[in-house]
Amino acid sequence: MTRTPISRTAIAIFFALGLGGPAFAHAHLKSAVPAVDGTVAAAPSELDLTFSEAINLKLSGIKVTGPDGAAVATTGAMLMNADTTLMVTLPAGLKPGSYKVDWHALARDGHATHGSYGFTVKP
């Protein structure tokens, strides 16, 4: 039986990559309600954005723009599901049309991410 020697450098790289992975994690948007690019028959009363890891409520947020280009007031921002879901309340009776959701999130590890998506209210 012949053994091939493994260099110390190769071992160091292996452990650096294996142990360093979590340090490069970011809070990515996993799902949303209403769904990303989805259509709903009734105006939603809230937005729920679920991220791949826990986020910081004070440094994360959601901005909603309505079909007329005006900002939609959101209230009651809170975290749920082990701080991975950011929820905001929407005003009652959103008008039919396309809405844009801009979000930004700061993961607890200090990495910031942002993005946007749309949904449509079509009764």
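Coordinates for the structure precede this section.
Sequence order as written defines residue numbering, which begins from 1 separately in each chain. Local features in this predicted model are restricted to residues whose pLDDT is 70 or higher, and side-chain atom pairs enter the listing and the counts only when it is 80 or higher, whereas totals over whole chains, interfaces and linings include all residues. With hydrogens and water set aside, each side-chain value is computed from the structure's full complement of heavy atoms.

1. Observations concerning the side chain of Thr113
Relative to the helices and strands, Thr113 is located in strand E9 (residues 112–121). Any residue under 20% of the maximum accessible area for its type is buried, any over 50% is exposed, and the rest in between are partly exposed; the area is computed with a 1.4 Å probe on protein chains only. We classify Thr113 as buried; its relative accessible area is 12%. Side-chain polar atoms of Thr113 contact the backbone oxygen of Ala27, separated by 2.6 Å. Setting aside chain neighbours within four positions, we find Thr113 in contact with His26, Ala27, Trp103, His104 and Ala105. Helix numbering and strand numbering both begin at the N terminus, where a helix is a DSSP run of H or I of at least 4 residues and a strand a DSSP run of E of at least 2. Two N or O atoms count as a polar contact when they lie within 3.5 Å, although within protein this holds only if one can serve as hydrogen donor and the other as acceptor, and sequence-adjacent residues are included solely when both atoms are side-chain atoms. Contacts: residue pairs with any heavy atoms within 4.5 Å of one another.

2. So, the pattern of salt bridges
Salt bridge, as used here: a side-chain nitrogen of Lys or Arg that lies within 4 Å of a carboxyl oxygen of Asp or Glu. All told, the structure shown has 2 salt bridges when counted by the stated rule. The shortest N-O distance in the salt bridge between Asp83 and Arg108 comes to 2.0 Å. With a gap of 25 residues between them, Asp83 in the loop between strand E6 (75–80) and strand E7 (85–89) and Arg108 in the loop between strand E8 (97–106) and E9 connect regions that are remote in the sequence. Judged by relative accessible area, Arg108 falls into the exposed class, the value being 56%.

3. Notes on the pairing of E6
Pairing between strands is defined by DSSP: at least two bridges between the two strands are required. One ladder, built from 4 bridges, connects E6 with E7; its direction is antiparallel. What sits directly across from Met80, in E7, is Thr85. Where E6 folds back onto E7 in an antiparallel hairpin, the turn is made up of 4 residues, including Asn81, whose phi is positive at roughly 55°.

4. Section: the nonpolar core
Of all hydrophobic cores here, the largest spans 22 residues; its most connected members are Leu47, Leu49, Phe51, Ile62, Val64, Val101 and Tyr117. Ignoring sequence-local partners within four residues, the contact set of Tyr117 consists of Leu29, Ala32, Pro34, Ala35, Val36, Asp37, Leu47, Leu49, Tyr99, Lys100, Val101 and Trp103. Note on terminology: a nonpolar core comprises buried Ala, Val, Leu, Ile, Met, Phe, Trp, Tyr and Cys residues joined through side-chain atoms within 4.5 Å.

From the geometry alone we can't say anything about function, so treat these as descriptive.
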